[in-house]
Each structure stands twice: as structure tokens, then as C-alpha cells.
Amino acid sequence: KGNVMRSKTGFGEQTPPAIFSLILGLFGLSLAWRAAANGSVIPAGISEAILGGVLVVFVIACAAYLRKLMRRAGTLVEDARILPGRGGLAAFGVCFAVLAAGLVPIAPEWAGRMLGLALAVQSATALLVIYVLVSGPKEQRQVTPLWHLSFVGFIVAAVSAVALGHYGLAQAIFWATLVAALGIWAMSAVQLRRHLPPAPLRPMLAIHLAPACLFVIVALGFPAQDYPVMALLARVFAGVAALILLGLLVSLKSLLEAGFSPMWASFTFPLTAFATAMLSLAGQTGGMAERLAGGVALVAASTLVPYIAVKVIRMWMTGQLALKTNAAKA
């Protein structure tokens, strides 16, 4: 079946943007191993090897999607009107920001350039999402966890901004995205009290974990003596992240009720972000609880993320991912 599908669909003809949601999680795994290497005997080469391998996959996915847009530019808006496509396009922009963070200790100059590109791409995808929500049916405007990727995802750019010493830019992003995240969390909580999402969409609830973790990571990047509020906020959001993760674990049976699907990519980046946040916090405070939580999360992420990656990439190669996520065809 897969061979027949490949013969009918040329390279890039129906590239599903949902693949970028998975790639985002793979990039996140690189940052988690980098956090584990800082201040420990774990070699930084593991993180760099993961970063290099994922970059290859990312370049191939970008080339395939660009090929689709060159065939028919209208597929961009068509993809953005479908929930998995909208999430994938938002993740596409965030991928550049995670790549910038990964490049900071390796090539700071290139990291700075990638940071600028990330902000530009994230702004473009956010505007695209706004256009689709405003111009589409009213039902599409319901708040979903994917809004974090579109409107709070800029916080990932602050990770490299603060590491490069751009504290003013990092602060501006931090406070703006904090307001957006608080609004999305509040509206999502009200919706959850009224009804649960359909079982196939429940894995997206894991995305609520990512912003709290990223606020920890960014806040820890500021010099504590100059930014005492950030040091306090790092601990506050570490607690928030732990509570959200606890809620997800308690609800795990419900989250997995529909069985494996491309939506499982929603588990990848939040889990790696939690591992990075806890290990980064442990590196600064020496806390054993944070180190244990980060270590367990890293082991879980290093097992779960590759498992999901193999299955989703296989679906991508056979054309099943495009069909299951209703990707537009050029």
C-alpha cells in the first residue's frame, strides 16, 4: 500500500506540516541532553550528535514542504485551516528557535542569526494562524492547547536570547508570552470543566506543560544577582510544571484512550522541556529532587521520543501521515 502511495505522490506533493511537531520534540531531546551534560560527567557530544541528526531530518522536511508550496502556494492556508496542520506550522517556527538555542554553545554567531530568523518565522506563522481563525468558521476559534505553540512559542526564542546576553529582548518575550500563557491556561481550564476533548485530540493537552517548563529555563538564564525576580519565578514555574505533569500522569489512561496516532507528537516536546527545566534548575541549586525528576524525565523522553519518531516518520515516508492529518495536496 505504501509503495502504491509513493508512486502516485511525488516528492513534496503532500508533505504534512504535522511532521514538524515531531521534529520539535526531537530538537528538544537534544537540549535535554545538553542540560544533563552541564555540570555532570555526561559528554556534551551526545547532545550535539542528536542536534546534528535532527537537523538533517529538519532540512529534508523543510525542502519537502517548500517543494509543495512551490507547486501550489495555496496549500499553506489550506494546511493552516486544519488542526494538525495548524499545529505543525506553528511547530515549524518554534523549530528554528530551538535550533538557535542548540547552536549557542557551538556557534554563537550562527545562533544569533538563527534567533532573528526564528522570530521572523514565528511571527509569520502566528499571523497566518490569526488570519485563518478570523476568516474561518466561528467553531475554529475555540481555544486549544495548540495556541501555546502559536502565541506562547516565542518563549523558546528567549532561551537563546538570554544565553547570548540579550536580556532586554528576553525579558520582553518572557513577560509577553507569560500573559498569553496565563490566558490560554485559564480559558482551557474553563473548557475542561465543561467537557473533555474527543479522545483522539486529548494528547494535545500535554502541550500545556511546555510553557511552564520554558519559563523556568529562560528565568534561570538571567544572572540571579541582577534579576532576583527571575530567580523566584524559576522556582514558581518549576512547581507549576510539576503540578501540570502530575495532572497529566493522573489522566494518562484518558490521554491514551484513542491509541497511537500522529497526535502523540504532542507528548514529545513538553516531556523534553520538563527534563531540561528540572536538570537546569538542579544545576543551579544542587537540589536532589529536581535532579531526580529531571533524570527520570530524561530517561522517559529518551525512550518515548525515539519510539514516537520512528512510527511517525514511517507514516510520513509511506504517505499515511498526510492522509491521517488531512494535509493539503499540491
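All figures in this text were calculated on a predicted structure; none of them were measured in a lab. (Residues numbered from 1 in each chain as written. Predicted model: local features only at pLDDT ≥ 70, side-chain atom pairs only at ≥ 80, totals over all residues. Heavy atoms only, no water.)

**With respect to the overall build of the chain**
Tallying secondary structure elements over the chain gives 15 helices and zero strands in all. For a compact globule of 330 residues, the expected C-alpha radius of gyration is about 20 Å, and the chain comes in at 19 Å, within 12% of that figure. Taken along its principal axes, the extent of the C-alpha atoms in the chain is 60 × 45 × 35 Å. A buried classification covers 53% of the 330 residues belonging to the chain. In the chain, 79% of the contacts between residues at least 6 apart in sequence involve partners at least 24 apart. Carbon together with sulfur atoms contributes 69% to the accessible area of the chain, which is approximately 14300 Å² in total. One finds the centroid of the 23 positive side-chain charges in the chain at a distance of 10 Å from the centroid of its 9 negative side-chain charges. (Helix = DSSP H or I, 4+ residues; strand = E, 2+ residues; numbered from the N terminus. Rg over C-alpha atoms; globule rule 2.2 N^0.38 Å. Buried < 20%, exposed > 50% of the residue type's maximum accessible area, 1.4 Å probe, protein only. Contact = heavy atoms within 4.5 Å. Areas by Shrake-Rupley, 256 points an atom, 1.4 Å probe, with all protein chains shown as cover. Lys, Arg positive; Asp, Glu negative; His and termini not counted. Charge placed at Lys NZ, Arg CZ, Asp CG, Glu CD.)

**Observations regarding the side chain of Ser30**
Structurally, the position occupied by Ser30 is in helix 2 (residues 19–37). With relative accessibility at 1%, the residue Ser30 sits in the buried group. Once you skip the residues sitting within four places of it in the chain, Ser30 turns out to touch Ser47, Ile50 and Leu51.

**Some remarks on a nonpolar patch on the surface**
On the surface, Leu127, Ile130 and Val134 cluster together into a nonpolar patch covering about 300 Å² of accessible area. Here Ile130 shows up in helix 6 (residues 108–135). Classification of Ile130 as partly exposed rests on a relative accessible area of 40%. (Patch = residues over 30% accessible without salt bridge, like charges linked within 9 Å, V, L, I, M, F, W, Y side chains within 5 Å. Salt bridge = Lys/Arg side-chain N within 4 Å of Asp/Glu carboxyl O.)

**Structural notes on the layout of surface pockets**
Approximately 520 Å³ is the volume found for the largest pocket. Lining of the largest pocket is provided by 19 residues; of these, Arg34, Asn38, Val159, Ile217 and Ser280 occupy positions nearest its centre. Looking at the lining of the largest pocket, the elements that each hand over two or more residues are helix 2, helix 8 (155–163), helix 10 (209–221) and helix 13 (268–285). Broken down by element, the residue count for the lining of the largest pocket peaks at five residues, all from helix 13. Looking at the lining of the largest pocket, its residues break down into twelve nonpolar, six polar and one charged. (1 Å grid on protein atoms, 1.4 Å probe; cavity = no way out; pocket = protein on both sides within 12 Å on 5 of 7 lines; lining within 4 Å. Points joined across faces, edges and corners; volume = space filled by probe spheres on them. Nonpolar A, V, L, I, M, F, W, Y, C, P; charged D, E, K, R; others polar.)

**A few points about the pattern of salt bridges**
Taken as a whole, this structure holds five salt bridges when the rule is applied. For Glu109, the salt bridge is made with Arg113, and the minimal N-O distance between the two is 2.6 Å. On the criterion of helical spacing, the pair formed by Glu109 and Arg113 is a turn pair, its members being four residues apart in helix 6. One salt bridge connects Glu257 with Arg202, and the closest N-O pair in it is separated by 2.8 Å.

**Focus: the packing of helix 3 (residues 45–71) against helix 5 (residues 83–103)**
Across the interface, helix 3 lies against helix 5 with an axial gap of 12 Å and an inter-helix angle of 145°. The hand of the helix 3/helix 5 crossing is left-handed. For the pair helix 3 and helix 5, the contacting residues are Leu51, Leu55, Phe58, Cys62 and Tyr65 in the first and Leu89, Phe92, Cys95, Phe96, Leu99 and Gly102 in the second. Grouping the amino acids of the contact of helix 3 with helix 5 by side-chain chemistry returns ten nonpolar, one polar and no charged. (Axes fitted to C-alpha atoms, helices over the stretch in contact; angles between N-to-C directions. Left-handed = near helix turned anticlockwise from the far one by under 90°.)

**Here we look at the state of the cysteines**
Inspection of every chain in the model, using the stated rule, returns zero disulfides. Note on Cys95: no disulfide assigned, nearest cysteine sulfur contributed by Cys62 at a separation of 7.6 Å. Here Cys213 is not disulfide-linked; the sulfur of Cys95 is the nearest cysteine sulfur, at 17 Å. (Disulfide = S-S within 2.5 Å.)

**With respect to the confidence of the model for the chain**
Mean pLDDT over the chain works out to 94, with 97% of the residues at or above the 70 mark. Mean pLDDT across the elements of the chain bottoms out in helix 1 (residues 2–8) (43) and peaks in helix 10 (98). Every residue in residues 1–7 scores below 50 in pLDDT, and together they form eight contacts with partners more than four places removed in sequence or on other chains. (pLDDT = per-residue confidence, 0-100.)

**Some points on the nonpolar core**
One finds Ile19, Ile23, Phe27, Ile155, Phe174 and Phe215 to be the most contacted residues of the largest nonpolar core, which totals 113 residues. Dropping the residues within four chain positions of it, Ile23 is found in contact with Val54, Val57, Phe58, Ala61 and Cys95. (Core = buried A, V, L, I, M, F, W, Y, C linked by side-chain atoms within 4.5 Å.)

**So, unusual backbone geometry**
A negative phi angle is the norm for most residues apart from glycine, just as the trans form is the norm for most peptide bonds. A positive phi angle, close to 55°, is found at Asn326, a residue other than glycine. Relative to the assigned elements, Asn326 resides in the segment after helix 15 (320–324).

**Quick word on the packing of aromatic side chains**
What the rule picks out here adds up to 18 aromatic pairs. Judged by centre distance (5.0 Å) and plane angle (50°), the ring pair of Phe215 and Phe237 falls under tilted. Pair noted here: Phe215 is in helix 10 and Phe237 is in helix 11 (residues 228–250), with a separation of 22 residues, a long-range link. Relative accessible area serves as the criterion here: at 0%, Phe215 is assigned to the buried category. Feature note: the residues Phe20, Phe27, Phe58, Tyr65, Phe92 and Phe96 constitute an aromatic cluster, connected by ring pairs. Over the aromatic face of Trp110 sits the side chain of Arg113, whose NZ or CZ is 4.7 Å from the ring centroid. Residue placement shows Lys311 over the ring face of Phe260; its charged tip is 5.0 Å from the ring centre. (Phe/Tyr/Trp six-rings, centres within 6.5 Å; stacked < 30°, edge-to-face > 60°. Lys NZ or Arg CZ within 6 Å of the ring centre and 35° of its normal.)

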